[in-house]
Amino acid sequence: MSKLELIATTAFGLEAIVARELKNLGYDRLTVENGRITFIADELGICRANMWLRCAERVLVKIGSFKAVTFEELFQQTKALPWENWLSIDSQFPVNGKSIKSKLFSVSDCQAIVKKAIVEKLKETYNCTWFEETGPRYTIEVALLKDIVTLTIDTSGNGLHKRGYRQLTGLAPLKETLAAAMVYLSYWYSDRALIDPFCGTGTIAIEAALIAQNRAPGLKRNFISESWPNIPKDFWREAWQEALDLWQREIPLHIYGSDIDSNALRLARINSTQAGLAEKIHFQRLPVLEVRSRFKYGHLITNPPYGERIGTNENAGKLYKELGKTFKNLETWSLHFLTNQSYPEKLIGRRWDKSRKLFNGRLECHFYQFFGPKPIRN
Ligand SMILES: C[S@@+](CC[C@H](N)C(=O)[O-])C[C@H]1O[C@@H](n2cnc3c(N)ncnc32)[C@H](O)[C@@H]1O
């Protein structure tokens, strides 16, 4: 097994949560930067990180990093890296790129130079002049930030938010990685009730159930690096077996989702069935104002409609006031919601206890938290 530098990429604002996920997996040599956490692991780590990270976007292998301000420097230093450790004679290796605040700003030129440098390296390694690229896929990224080049290979394939349960839909659901992060940030424990009163297609409820069952988010999907000869199949089997062993299928859950849109609820039920959670989450057609619970303690975790989507600020105001009323009736509960609505506390009727900036795609939002009293333990 080799010592590798891996990178878990994240949406802005979720770095600390992904760092915590990595620590829980046993990786503690972490470097946390904007949008990425670098950690040291071996090939088994590639399998485990892909299998278990709920809030990261992808897992990349870092091949090298250096400063380059000319194309010649980019070419020579790329060529000097040990590409032959990863790429075989038949590997496909498309090159993606991005450049921020760097002298080499033409991304397409950087991609072409990197491709050429790798081809030259492989020509020397394999004593061959033409590569068919018919084998396993290794998607390379050249990323420049302030003239520092980082070269990586993607091990995930589809983004990690794709868990394998989601129906394709015209609706704009919350990304699974962000929904899972909201549940983590709420400090909800599975012995408490959880309600999403604007559940839409059910993402928060489903992610909460997966967290409660300690079910690895990657259990129902594949990863591009499963097709790589570099990672022994036994490592994938080991990661898969670990995920099966730790899955607590029978844990009792009190998770509820409600919404006024029956089409969204239909999708929520299909999604939860696909996720194997049909019997575990209860979905109901109900306006937010009518949401009640028989449980004394619990968490409302939700993503209400955003102002721009519901037309007027007046409509948005009405909805947040209704959410505030429901929360008031559930006086020993906590409320956590993600929104881009300004000053929602005025509408909720109480000052938030904690707020943090999070991005829903490109949309800057805040995650507001209103904590209820601590449950009395007998
Ligand atoms: C931003 S979406 C939630 C998306 C959801 N998180 C998902 O992953 O699909 C907001 C949802 O609020 C619902 N909604 C709007 N007004 C409502 C009301 N008065 N009561 C309950 N749900 C409402 C909409 O039907 C929509 O599904």
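What you are looking at is a predicted structure, and each value in this text was computed from that prediction instead of being measured.

> Before we move on, could you go through the sheet that holds strand β10 (residues 281–285) and cite the residues and values that matter?
Read across the open sheet, the seven strands follow the order β10-β9-β8-β11-β12-β14-β13; overall the sheet is mixed. In this open sheet, the two edge strands, each paired with only one partner strand, are β10 and β13 (354–360). Strand-to-strand twist of the sheet, defined as the mean angle between neighbouring strand axes without regard to direction, takes the value 20°. Note: strand β8 (residues 193–196) against strand β11 (residues 298–302), three bridges, orientation parallel. Of the residues in β11, the one forming a bridge with Ala193 is Gly298. Against the sheet, helix α8 (residues 262–274) touches β9 (255–259) and β10, its axis set at about 170° to β10.

> Describe the packing of helix α5 (residues 176–186) against helix α6 (residues 203–212), with residues and values.
With their axes 9 Å apart at the nearest point, α5 and α6 run at an angle of 65° to one another. Once α5 is placed against α6, the crossing between them reads as right-handed. Contacts from Glu176, Ala179, Ala180, Met182 and Val183 in α5 reach Thr203, Ile204, Glu207, Ala208 and Ile211 in α6. Looking at the contact of α5 with α6 residue by residue, the classes come out as seven nonpolar, one polar and two charged.

> Run through the pairing of strand β5 (residues 95–100), naming residues and quoting values.
Summarising the sheet, β5 and strand β6 (residues 140–145) pair through six bridges and their orientation is parallel. The partner of Gly97 across the bridge, within β6, is Val142. One crossover worth recording links β5 to the parallel β6 by way of helix α4 (residues 107–126), and it is left-handed.

> Explain the site of the ligand residue by residue, including any values.
By nearness alone, 18 residues border the ligand, and Pro173, Phe198, Gly200, Thr203 and Asp261 come closest of all. Considering only residue class, the shell around the ligand consists of twelve nonpolar, four polar and two charged.

> Explain the domain arrangement of the protein chain residue by residue, including any values.
How big an interface is tends to be stated in terms of the accessible area lost upon association of its parts. Once the domains are mapped, the protein chain shows domain 1 (4–154) and domain 2 (176–216 + 223–370). Distance between the C-alpha centres of domain 1 and domain 2: 32 Å. On the side of domain 2, 23 residues touch domain 1, which itself brings 22 residues to the contact. Counting residues per element, the side of domain 1 that touches domain 2 draws most heavily on helix α2 (residues 43–52), at eight residues. When grouped by side-chain class, the residues that make up the side of domain 1 that touches domain 2 number 13 nonpolar, three polar and six charged.

> Describe unusual backbone geometry, naming the residues involved and giving the relevant values.
Within the chain, Asn127 stands out as a residue other than glycine whose phi angle is a positive 50°. Along the chain, the position of Asn127 falls in the loop between α4 and β6. In this model, Asn214 sits at a positive phi of 50°, which is unusual for a non-glycine residue. With respect to the helices, strands and loops of the structure, Asn214 is situated in the loop between α6 and α7 (233–246). Asn214 gets classed as partly exposed once you count the C-beta atoms within 10 Å, which come to 14.

> Just give me the short version of the environment of Trp86, but keep the residues and values in it.
Along the polypeptide, Trp86 turns up in the loop between α3 (71–79) and β5. Among the residues examined, Trp86 registers 17 C-beta atoms within 10 Å and is labelled partly exposed. Remark: the alpha-carbon pair of Trp86 and Val61, spanning 25 residues in sequence, is separated by 9.9 Å.

> Mind laying out the packing of α2 against α7, listing which residues take part and the relevant values?
Their axes nearest at 9 Å, the elements α2 and α7 cross at an angle of 40°. The pairing of α2 with α7 is recorded here as oblique in orientation. Taken as a pair, α2 and α7 cross one another with a handedness that is right-handed. Between α2 and α7, the residues in contact are Glu43, Leu44, Cys47, Arg48 and Met51 and Phe235, Trp236, Glu238, Ala239 and Ala243, respectively.

> How would you sum up the sheet that holds β6? Please name residues and give values.
On the basis of which strands lie adjacent, the open sheet formed by seven strands has the order β2-β3-β1-β4-β7-β6-β5 and mixed pairing. Edge positions in the sheet fall to β2 (30–33) and β5, since each has one partner strand and no second. Going across the sheet, the axis of each strand differs from the next one's by a mean of 30°, ignoring polarity. Bridge analysis of strand β1 (residues 4–9) against strand β3 (residues 36–41) gives six bridges, and the strand direction is antiparallel. Considered in β3, the bridge of Leu4 is made with Ala41. Its contacts with the sheet put α2 on β1, β3 and β4 (58–67), and the angle it makes with β1 is roughly 10°.

> Describe the pairing of β2, and please don't skip the residues or the numbers.
With four bridges connecting them, β2 and β3 associate as antiparallel partners. Residue pairing in the sheet places Glu33 in a bridge with Arg36 of β3. Linking β2 to β3, which pair antiparallel, is a turn of two residues; within it Gly35 sits at a positive phi near 75°.

Definitions and limits used
- In this numbering scheme, every chain counts its residues from 1 along its sequence in written order.
- With pLDDT at 70 or above as the cut-off, local features in this predicted model cover only qualifying residues; side-chain atom pairs require 80 or more to be listed or tallied, and sums for whole chains, interfaces and linings still use all residues.
- A pair of strands counts as paired when DSSP detects no fewer than two bridges linking them.
- A helix here means a DSSP run of H or I that spans at least four residues, while a strand means a run of E at least two residues long, and both kinds are numbered starting from the N terminus.
- Geometry is summarised by axes, namely lines fitted to C-alpha atoms with helices restricted to the contacting stretch, and by angles between N-to-C directions that run from 0 to 180 degrees.
- We call two residues in contact whenever the C-beta atoms placed from their backbones are within 7 Å.
- In this scheme, a crossing is called left-handed if the near helix is turned counterclockwise away from the far one by less than a right angle; it is called right-handed if the turn is clockwise.
- Each residue gets one label: Ala, Val, Leu, Ile, Met, Phe, Trp, Tyr, Cys and Pro are nonpolar, Asp, Glu, Lys and Arg are charged, and the others, such as Gly, are polar.
- Call a crossover right-handed when, viewed with both strands pointing away from you, the route from the first strand across the helix to the second goes clockwise.
- We call a residue near a molecule or strand when the C-beta position, derived from backbone atoms, sits within 6 Å of it.
- A domain assignment, automatic or from a database, supplies the domain bounds used here.
- Remark: C-beta atoms are placed from the backbone, and a residue is labelled buried if 20 or more other C-beta atoms sit within 10 Å of its own, exposed if 12 or fewer do, or partly exposed between those counts.
- Should an angle lie under 35 degrees it is considered roughly parallel, over 145 roughly antiparallel, and from 65 to 115 roughly perpendicular; all remaining angles are considered oblique.

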